[in-house]
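# Descriptive analysis of the structure
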Amino acid sequence: MSNLDRRTFLQAGLGVGGLMLSSSLSRSWAQQGDPIKIGLIIPLTGATSQFGATMGQAAKIAEAEINGAGGVRGRPVQIVIEDDQSNPEAAVRAAHKLIDVDKVVSIGGSYASAVTSAIAPLCWEGKTALLTSSGADSITKLPHQGYIFRTSPTVTLQGTSVGKYAVELGGKRMFFLGPQTPFAQSYIDITSAIFKAAGGSGGGLIYEDKKSSYRSEVDQALKESPDVIVLGGYVPDTSVVLKDLYRAGYTGKKLGFSFGINDALTKAVPAEVSEGAYSLIPSAAENSEAYKRLIGKMGRPSLDSYSCQVYDHVVLTSLALARASSGEANGTAVRDNLRAISAGEGKRTDDAVEALKTVISGAQVNYDGPSGPLEFADNGDVKGVFFRYEQVQAGKLTLRKVG
Amino acid sequence: MISYLIFVGTIAGFYSLLSLGLVKAWGQGGLVNLGLVGFVGLGAYTSALLSGAGYPIWIDWIAASAVSAAVGVALCFVVRNLRGDYLAIVTLGFAEILRLAETNEKWLTKGSDGISGIVAPLKNHLGDNFAVFYLVLTWVLVGIVAFVLNWLLRSPFGRALRAVRDDEQVAAVAGKSVLRLKLQAFGIGAALSGLGGALYAHFTSYIAPDVFITQLTIYIFLAVTVGGYTRLAGAVIGSLALIALLEATRFVAALVPGLDAVQIASLREFAIAVTLILVMQLRPDGAFRMSNERSGLGASRPGPDACYGKKAVLDDGT
Amino acid sequence: MLTDLLQYLVNGLIVGALIALPALGLTLIFSVLGFVNFSVAAQLTAGAYAGWLANTTLHLPLVPVLVIAFSVAGALGVVTDRIALAPIRRKPSAQTPLMVAVVSIALSMALESAYRFSFGSGLNSFDMPIARDMKIGGIRIGLQQLHNIEIAIGLAVLLALFFSLTKLGKAMRAVADNADLARLKGIEPVRLANLATFIGMGLAGVGGALLAIDTSVDPSTGSRLILLIFAGSVVGGLTSLPGAVAGALLMGVIGELGLLILPPVYQSLTAFVAILITLLARPGGIFSGASGVRK
């Protein structure tokens with residue numbers, strides 16, 4: 001081989017490295033100027049990427065609102081979005097880039113539980129706040145020194161709520177169908193227990209995800225002749241299960257979670273297939289204007305809970321830093337001030353701009369966002385979330401009740 | 001920025017170990033292991049579980065390599081008579097089965113929750129210096145492995161192995177123990193994957209089944225192919241090129257105006273894939289092509305590849 | 001119990017039919033060009049998107065939708081093959097088939113990213129009514145799914161006729177057997193390679209459209225299934241067209257029957273064990289002796 005070619009190849013490699021270095025250096029110089037950087041790690045590609053697009057849009061709206069109101073202590077906020085590629089290994093690399101190069105004060109988004117667990121140690125070791133929309137109970141049990149705030153209710157709480165609602169709808173024989181997840185078995189146990197306590201019965205089956213047909217799984221479920229089927233899956237598998245349930249002639253009730261039955265799902269199946277399916281969505285109180293305002297700004301009829309949460313991740317970070325007495329913009333300041341602006345006796349508001357102005361005026365504020373009232377327990381779990389119970393009617397999710 | 005480069009350098013070392021293992025098994029032995037990531041996971045879980053049970057880290061890492069090697073040798077033995085493309089599908093499926101087991105055997109692996117808090121060596125003592133220490137440790141290991149492999153490849157064992165790769169029948173006629181050579185090559189490759197996995201687990205302190213997906217196997221194959229799949233130096237250069245590409249695209253894609261987040265992310269993955277295709281077109285043999293490595297048994301004879309059916313690819317360029 | 005067994009058998013055939021056409025395409029391309037073209041996954045998705053666009057914007061019914069899916073996937077297959085893969089095939093060496101296969105994975109990744117760039121990550125549904133299944137003797141059968149099997153077998157038969165009866169088909173077989181010999185006879189390999197790629201990728205595209213009608217289309221529709229498609233093709237012997245269809249159906253059936261003995265979360269295990277056993281019993285693939293493109 002000619003040495004010339006090898007040299008060209010190596011030079012090209014060095015060139016790429018140099019480009020990377022100079023591009024990131026220019027960014028870290030910029031940081032000595034004004035903007036406060038808020039990182040987002042969201043699923044934009046890969047298996048869990050159904051919400052990534054709306055998550056990014058919601059965050060941009062929060063950024064624009066905060067900056068429109070004058071920013072945080074005269075400094076604009078800037079969101080920096082990285083893709084988790086639906087893969088914890090890629091997410092760890094993305095988190096290192098955000099923490100080490102962009103020097104973000106917090107990382108928001110983080111949707112898949114494995115992604116959140118993978119980047120959590122980097123966050124608390126790097127003194128960066130982590131605001132997550134993952135539900136797995138294990139996350140807030142990590143030794144996170146207060147840096148983790150979870151805006152999604154735990155999966156256990158969601159499972160309990162779905163079980164109770166299914167009983168309320170008059171179900172007697174419940175069957176759970178869902179892929180293997182950290183919570184699949186506990187969903188079966190929780191909902192079965194609720195049904196048995198109400199005089200009914202419960203069972204379940206955990207399947208393999210990524211399949212293009214669940215006919216045999218549906219056959220096994222229908223053998224128990226259930227009148228309620230709880231769907232514990234995500235959008236890709238739930239859409240296939242719903243179609244196979246329809247083909248099999250199942251006419252009973254169908255209940256799912258916000259990660260499975262949502263706008264993305266109603267687009268993925270014909271209207272007759274999703275008709276009547278219920279979804280449980282973590283949400284703000286019924287009279288909250290925040291959610292309506294956000295979907296208005298996004299020009300959408302409705303929005304999934306996770307994108308609402310990402311909007312709130314940006315707002316919460318900004319408000320916490322606006323309150324920080326030290327005036328320093330870093331992860332520890334976010335951690336130490338976040339509870340003070342989202343709970344307590346201060347002025348209650350569900351408007352981010354109003355909340356920011358109140359904080360800057362020096363008064364106490366209690367911000368409630370489109371994703372919920374946002375009060376956090378000591379371990380970082382969110383408290384007092386409401387649930388919107390929605391039902392698919394003619395291909396659109398329609399509100400049934402808030403509770 | 002420096003701490004980011006240190007981190008990226010460490011990951012490059014981790015990729016290099018996997019690439020060296022692949023060069024050994026595929027480049028030198030002709031054995032296509034598309035289940036590479038399965039052995040990475042096996043090593044990572046072995047080491048994490050042993051370390052959780054209180055064993056010291058050096059034992060965990062040796063055990064991780066040993067378990068991966070043993071499973072690799074066993075798998076290779078079972079499929080010893082299969083053609084190359086069949087070996088590819090069997091190893092690919094095997095990795096998928098391992099991922100299923102990691103996901104479902106919660107009593108052992110904690111399922112898809114993953115294992116958190118895997119201890120890193122000396123992290124408490126070193127504090128801020130830990131990152132540099134781990135970078136050096138990783139690359140020292142890469143150096144040792146490359147040195148040993150290089151010595152092996154130059155030894156009679158290495159020549160015999162290449163003879164098997166180039167033509168099994170000729171090698172067998174020449175009195176080489178084809179099976180033993182294959183098992184050794186595959187086992188060494190699996191052991192290095194396992195060691196890489198263990199290094200990764202203790203570095204990031206968290207593993208889950210979703211870490212070990214086929215995407216990583218593809219990346220390593222591309223790294224090795226770009227570097228020149230038969231060469232040790234190619235494995236390391238290819239790994240460095242890979243990580244540079246993976247990370248540089250982050251910065252470059254974000255500069256394109258007028259795109260939404262999904263489009264930026266898609267553009268980044270598109271750029272990664274297209275760059276790899278372009279490099280392969282410009283340098284089909286990789287940065288370091290096969291050279292100075294006669295097996296002595298017909299490597300110079302451009303014949304049909306015994307491991308890949310009896311048919312060369314259709315040459316439509318003439 | 002017997003009903004269960006029959007029901008799972010039917011379900012398995014339905015799953016297998018979904019991957020039969022892409023497996024057929026993969027096999028055809030391997031037979032003529034001599035490498036495993038993993039970008040069949042991306043062309044499957046291309047056919048699904050093309051069909052979806054034709055159906056939802058032009059409101060076309062099934063048959064024109066499938067024709068469009070075939071043409072778009074086939075054309076895209078040839079164009080991307082010429083741009084990305086052909087230059088690497090120019091200087092063949094012993095490892096070229098595997099190199100091209102690896103690069104075809106990169107090509108598939110690039111195309112998947114392009115779909116995501118254009119259409120987003122969401123899942124998209126065809127605008128076609130879904131029929132409830134019929135019950136025949138206690139067995140649940142989907143009529144739409146039955147069509148999938150018919151189409152797969154029909155196309156396999158058509159291909160077999162093409163290869164045994166037409167001049168062009170015979171020429172392709174000649175190339176598959178011996179490229180040098182074919183060249184001596186004045187057959188131009190490039191044209192035949194393009195034709196094989198067009199038909200192979202077109203078949204994958206039709207399979208993708210049918211699959212997407214059955215489920216939905218998103219950027220990863222094809223890559224989610226590539227392992228199963230590859231497995232079906234391998235079990236069928238990689239060079240036998242009837243083998244590819246039979247291998248795909250077999251993979252589907254074994255997977256569903258596995259549900260009788262294993263927990264559903266380990267369903268892939270049965271498929272894997274089945275591949276292993278068949279390959280160990282017949283190292284050339286089950287249908288290695290069957291007639292196909294190559295004898």
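Cut-off values and rules
- Residues numbered from 1 in each chain as written.
- Chains lettered and ligands numbered in written order.
- Predicted model: local features only at pLDDT ≥ 70, side-chain atom pairs only at ≥ 80, totals over all residues.
- Heavy atoms only, no water.
- Axes fitted to C-alpha atoms, helices over the stretch in contact; angles between N-to-C directions.
- Helix = DSSP H or I, 4+ residues; strand = E, 2+ residues; numbered from the N terminus.
- Parallel < 35°, antiparallel > 145°, perpendicular 65-115°, else oblique.
- Contact = heavy atoms within 4.5 Å.
- Nonpolar A, V, L, I, M, F, W, Y, C, P; charged D, E, K, R; others polar.
- Phe/Tyr/Trp six-rings, centres within 6.5 Å; stacked < 30°, edge-to-face > 60°.
- Lys NZ or Arg CZ within 6 Å of the ring centre and 35° of its normal.
- Buried < 20%, exposed > 50% of the residue type's maximum accessible area, 1.4 Å probe, protein only.
- Pairing = 2+ DSSP bridges.
- Buried area = accessible area lost by both parts, 1.4 Å probe.
- Salt bridge = Lys/Arg side-chain N within 4 Å of Asp/Glu carboxyl O.
- Polar contact = N/O pair within 3.5 Å; in protein donor to acceptor, adjacent residues only side chain to side chain.
- pLDDT = per-residue confidence, 0-100.

Attention shifts here to the packing of helix α7 (residues 130–154) of chain B against helix α8 (residues 156–166) of chain B. All names here are of chain B. The N-to-C vectors of α7 and α8 enclose an angle of 70 degrees; their axes lie 4 Å apart at closest approach. By the angle between their directions, the pair α7 and α8 is classed as roughly perpendicular. For the pair α7 and α8, the contacting residues are L152, L153 and R154 in the first and P156, F157, G158, R159 and R162 in the second. Among the residues making up the contact of α7 with α8, the classes are represented as four nonpolar, one polar and three charged.

Turning our eyes to something else, we now look at the packing of aromatic side chains. The geometry of two aromatic rings is summed up by the distance between their centres and the angle between their planes. Inspection of every chain in the model, using the stated rule, returns 34 aromatic pairs over all chains. Look at W61(B) and Y134(B): their rings are 6.4 Å apart centre to centre, the planes differ by 85 degrees, and that puts the pair in the edge-to-face class. With W61(B) in helix α3 (residues 57–78) and Y134(B) in helix α7, this residue pair connects regions lying 73 residues apart in the sequence. When the centroid spacing of 6.1 Å and the interplanar angle of 85 degrees are considered together, the rings of W52(C) and F119(C) count as edge-to-face. One end of the pair, W52(C), is in helix α2 (residues 40–57); the other, F119(C), is in helix α4 (residues 96–119), with 67 residues separating them in the sequence. Here the aromatic cluster, defined as three or more aromatic residues joined through ring pairs, consists of F176(A), F183(A), Y187(A), Y234(A), F257(A) and F259(A). Its guanidinium or amino end placed over the ring of Y291(A), R388(A) lies 4.1 Å from that ring's centre, counting from NZ or CZ. Sitting above the plane of the Y389(A) ring, K401(A) keeps its charged end 4.9 Å from the centroid.

Before going further, it helps to spend a moment on the pairing of strand β3 (residues 106–109) of chain A. Looking along a regular strand, one sees the side chains alternate between the two faces of the sheet. All names here are of chain A. Of the two faces of β3, the one holding S106 and G108 and the one holding I107 and G109 are both buried throughout. Sheet topology note: the strand β1 (residues 36–42)/β3 ladder contains four bridges and is parallel. Across the sheet, G39 pairs through a bridge with I107, a residue of β3. Judged from the two bridges that link them, β3 and strand β4 (residues 129–132) form a sheet pairing that is parallel. Within β4, the position partnered with S106 by the bridge is A129.

This paragraph deals with the interface of chain A and chain C. If you look at the interface, chain A gives 38 residues, while chain C gives 38 residues. The contact between chain A and chain C buries some 3100 Å² in all, and 46% of this surface belongs to carbon and sulfur atoms. Counting across the chain A and chain C interface gives five salt bridges. E256(C) is the salt-bridge partner of K211(A), the closest N and O atoms lying 3.5 Å from each other. Scanning the region where chain A abuts chain C turns up 23 residue pairs in polar contact (both at pLDDT 80 or more). Looking at the side of chain A that touches chain C, the elements that each hand over two or more residues are β7 (201–207), α7 (215–223), α8 (235–247), α9 (263–268) and α10 (271–274) of chain A. Counting residues per element, the side of chain A that touches chain C draws most heavily on α8(A), at eight residues. In terms of residue class, the side of chain A that touches chain C is built from 15 nonpolar, eleven polar and twelve charged.

Our focus in this paragraph is the confidence of the model for chain C. All names here are of chain C. Here chain C averages 87 in pLDDT, and 93% of its residues register 70 or above. No element of chain C has a lower mean pLDDT than helix α7 (residues 179–184), which averages 69, and none a higher one than α2, which averages 97. Contacts of residues 289–295 to residues separated by more than four positions or lying in other chains number 24 contacts, the stretch itself having pLDDT below 50. Scoring the predicted complex yields pTM 0.90 and, for the interface, ipTM 0.91.

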